[in-house]
Amino acid sequence: MSTISQWRLRAAFAARLSRMYGQEVPAYTTLVDVSREVNEDVLGERGADAERLGSISRVTAERHGAIRVGTPRELRQVGRVFAALGMHPVGFYDLREAAASAVPVVSTAFRPVDGEELARNPFRVFTSMLTPADPRFFDAGLRARLEAFLAARELFPPELLTLADRAEADRELPEEDAERFLHLAVGAFELSSEPVDRAWYETLERISAVAADIGGVRSTHINHLTPRVLDIDELYRRMTDRGIEMIDTIQGPPAWKGPDVLLRQTSFRALAEPRAMRLADGSVQSGTLRVRFGEVEARGIALTRQGRALYDQLLGRIDEQMSLHPAESRGDIARGVWERHMPGSEEELAAQGLAYFTYRLADDRPRDGSGPPAGVGDLVRQGWVQAEPIVYEDFLPRSAAGIFQSNLSGEGTRDNDQEGTAYDAAWLSGAIGREVLDPYALYAEQRNASLAQVSAQLGRAPFTPLNPLDSAT
Ligand code: OOG
Ligand code: NI
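Between its first and last C-alpha, helix H9 (residues 175-188) extends 20 Å over 14 residues, near the 20 Å set by a 1.5 Å rise per residue. Buried within H9 we find Ala178, Phe181, Leu182, Leu184, Ala185, Val186 and Ala188.

Looking now at the pattern of salt bridges. Opposite charge on two side chains permits pairing when their charged atoms draw close. Overall, the coordinates contain 42 salt bridges when judged by the stated rule. Between glutamate 117 and arginine 10 there is a salt bridge whose closest N-O contact spans 2.9 Å. Of the two residues, glutamate 117 is situated in helix H6 (residues 115-120) and arginine 10 in helix H1 (residues 6-24); the sequence distance between them amounts to 107 residues. The exposure classification of glutamate 117 matches that of arginine 10, with both residues buried. Across the pair aspartate 394 and arginine 111 runs a salt bridge whose closest N-O atoms are separated by 2.9 Å. A residue pair is termed long-range when its members are at least 10 positions apart, and aspartate 394 in the loop between strand E14 (385-389) and helix H17 (397-406) and arginine 111 in strand E4 (residues 105-111) qualify at 283 residues. Arginine 111 carries the same exposure label as aspartate 394, and that label is buried. Each member of the salt-bridge network shares a partner with another, and the members are Arg58, Glu62, Arg124, Arg228, Glu297, Arg299 and Glu393.

What follows concerns the site of ligand 1. Taken together, His64, Ala66, Arg68, Phe126, Asn223, His224, Gln265, Phe293, Glu295, Phe395, Ala400 and Phe404 make up the full set of residues near ligand 1. Contacts to ligand 1 include histidine 64, whose side-chain N or O atom sits 3.0 Å from an oxygen atom. Asparagine 223 places a side-chain nitrogen or oxygen 3.4 Å from an oxygen atom of ligand 1. If ligand 1 stood free it would expose 320 Å²; the protein chains cover 100% of that surface. The pocket occupied by ligand 1, as judged from atoms lying within 2 Å of grid points, is the largest cavity. When contributions to the shell around ligand 1 are tallied by element, the ones reaching two or more residues are strand E2 (63-69) and H17. Here the shell around ligand 1 gets three residues from one element, more than from any other, and that element is E2.

Turning next to the coordination of the nickel ion (ligand 2). Protein-derived coordination of the nickel ion (ligand 2) comes from His64 (NE2), His224 (NE2) and Glu295 (OE), at a distance range of 2.1 Å. Mapped onto the sequence, the residues coordinating the nickel ion (ligand 2) show the spacing H-x159-H-x70-E. Here histidine 64, found in strand E2, pairs with glutamate 295, found in strand E12 (residues 294-299); they are 231 residues apart in sequence, far enough to count as distant. By the burial criterion, histidine 64 is buried, and glutamate 295 matches it.

It is worth spelling out the confidence of the model for the protein chain at this point. Residues with a pLDDT of 70 or more make up 97% of the protein chain, whose mean pLDDT is 92. Across residues 468-473, where pLDDT falls below 50, the model places 13 contacts with residues more than four positions away in sequence or in other chains.

Strand order in the open sheet formed by five strands is E3-E4-E5-E2-E8, and the pairing between neighbours is mixed. Each of the sheet's edge strands pairs with one partner strand only, and the pair in question is strand E3 (88-94) and strand E8 (224-227). If you compare each strand with its neighbour and ignore which way they point, the axes differ by 20° on average. In terms of strand pairing, E3 meets E4 through five bridges, oriented antiparallel. When the sheet's bridge partners are listed, proline 89 is paired in E4 with phenylalanine 110. Each of E2 and E8 touches helix H2 (residues 26-46); the most contacted strand, E8, lies at about 10° to it. Docked against the sheet, helix H4 (residues 72-84) engages E2, E4 and strand E5 (124-130), running at close to 170° with respect to E5.

Let us now look at the pairing of E2. Taking burial as the measure, the seven residues of E2 include seven buried ones, the bulk of the element. Neither face of E2 is open: one carries Arg63, Gly65, Ile67 and Val69, the other His64, Ala66 and Arg68, and all of them are buried. As defined by bridge partners, E2 adjoins E8 across four bridges and the pair is classed as antiparallel. Residue arginine 63 lies in a different strand from E8, and its bridge partner there is proline 227. The pairing of E2 with E5 spans six bridges and is parallel. In the sheet register, glycine 65 faces E5, and the bridge partner there is valine 125.

As a further point, take the pairing of strand E11 (residues 284-290). Where strand E10 (residues 272-278) lies against E11, seven bridges are found, and the strand directions are antiparallel. Residue pairing for E11: proline 274 is matched across the bridge by threonine 288. Remark: five residues form the turn of the hairpin made by E10 and E11, two consecutive strands paired antiparallel; glycine 282 in that turn has positive phi of roughly 90°.

Analysis parameters
- Residues numbered from 1 in each chain as written.
- Chains lettered and ligands numbered in written order.
- Predicted model: local features only at pLDDT ≥ 70, side-chain atom pairs only at ≥ 80, totals over all residues.
- Heavy atoms only, no water.
- Helix = DSSP H or I, 4+ residues; strand = E, 2+ residues; numbered from the N terminus.
- Expected span 1.5 Å × (residues − 1).
- Buried < 20%, exposed > 50% of the residue type's maximum accessible area, 1.4 Å probe, protein only.
- Salt bridge = Lys/Arg side-chain N within 4 Å of Asp/Glu carboxyl O.
- Near = heavy atom within 4 Å.
- Polar contact = N/O pair within 3.5 Å; in protein donor to acceptor, adjacent residues only side chain to side chain.
- Areas by Shrake-Rupley, 256 points an atom, 1.4 Å probe, with all protein chains shown as cover.
- 1 Å grid on protein atoms, 1.4 Å probe; cavity = no way out; pocket = protein on both sides within 12 Å on 5 of 7 lines; lining within 4 Å.
- Sits in = over half its atoms within 2 Å of the grid points.
- Donors = N, O, S within 2.8 Å, 3.2 Å for Na, K, Ca; no water.
- pLDDT = per-residue confidence, 0-100.
- Contact = heavy atoms within 4.5 Å.
- Pairing = 2+ DSSP bridges.
- Axes fitted to C-alpha atoms, helices over the stretch in contact; angles between N-to-C directions.

Structure (C-alpha cells):
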C-alpha cells in the first residue's frame, strides 16, 4: 500500500482546512479569490521579481491558521498533531504585554523549519494558550472554575493522537491511516454545534472576549485562515471596493518604495455566526457570536536581531509622531519614518547586517583567472556570489495583538496593579514538552549552510559572517 509523507499530509491538511473554513465562513473564500487575482496580476506585471520571496505555487498554497487552547495539556496534544505534519513550535509571543486590552494568552507558531519543507508547503498555525493563572485577568474563584471546566473537556480524540504519534515517528502514514488522520484532524478544528452555556460564556466575556472564545466552550476551532498576497495595498483596495469592511489599518511596516521586511497584515472584522445557546433554565435558543474573521498577509525579508531592534524602534517613532500629529494618517507618518531610517535596498540591509540572506555561486562569476575576494560583501559586489533574501516565516506580537484587539467585542478588564505571571520560551517549551525554537537561530542556520556551501565550492575556508554582531544568531 502506498504511504503519504509528512509534507503531503501537511499540504492536504491545509487544503482540507481551507475547504472546511470556506464553507463555514464564505467571506474567507472571497478573500482567497481576491488574493489569487492580485497575485496573478503582480506576477504578470513584475515577472520573476514577484517570486523573489517564494515561488508563485508556494505563495498560492500558502496559509496560516490561528487556534486557541486552554491548558498546557491541550497544547501538548496540539503539538503532537502538528508534529505529525512536520510542524514545530517556533517563537514565543506574549500577547498579554503586546495588547492594551485584555488578551490573556501566550503563543507560539507551529511551522516547518527547514528550507526544503518550507518550499514544499509552509503551512503554519499561530497557537495561543490561555493564562488563567494571571491575576491581572482572573481572580482565584474564576481561575478555579475555569481550570475545572478546561480539565473536563477533550479537544482531540485519542485515535487522532495515536495516529499523530505514528506519523511523527515514521514521518509518513499508510494511505488509509492518513485519510483517517486527516478526517479527524480537520474535524477537531470545526466549529462545534454543541450549545454554548450562555451565562458561563458571558462571565468570561466580561473579562476578555478571547477568554470566552477559549474557555467558554467545550471544543476548539480554527479562528482564521490567512492567505498570502503579493500586494496587500491593492488587495485592501479591491476588498473595500467589493463592500467588505476591513479594519482601519494594515498592521506592520508601511507601504514604501524600499524592500518589504517582516510581515504586513490586515483583516476584516469578525462576522456574526449563528451559535446555539443554552440558557439558565436549560432551554436552547439560537444566538450569534462574533469570533471568526478573515485576515490576509504579505511577507517580506526576515530581519536579524539588529534589524528587528530597528523595526521596533521605528514603530516607537511612529507612535510618537502619531501623538504629535493626530490628524495625519498613520500610513503617511510611517512611510516618512521608513524613508528616513530604513535602508532603501537589499544591499544596504545586508551590508548593515539587518536582514537574512542565503548565498549561492553566481553562474556568470568572473572567469578571468582572478581569485575570489575574502569577504562575503566583496564576493557579492564583484559578482562571484548572489544574495537571495530569506522570507520571514514568523509573526509579530504587536500585529498579532492588533489583530486580536480589532476583533474583540469589548475591551474586557485587566487589573494592572497586580503582578502578571511570568512566562517565557523556556516555560512554554516545558508546557508543550517540545523545545520552542528560536526563529533567529533558524534563519541564521539557513544563511550559514548556504555560506558553507559557497566556501566549499570555491575551495575556501568558511566565511566569517557579514556582521560580527550577528555571528551567533
Ligand atoms: C491569533 C492572532 C494572531 C496573526 O496573524 O498575527 C495572528 C488569534 O486571533 O488567535 O494570527
Ligand atoms: Ni493571523
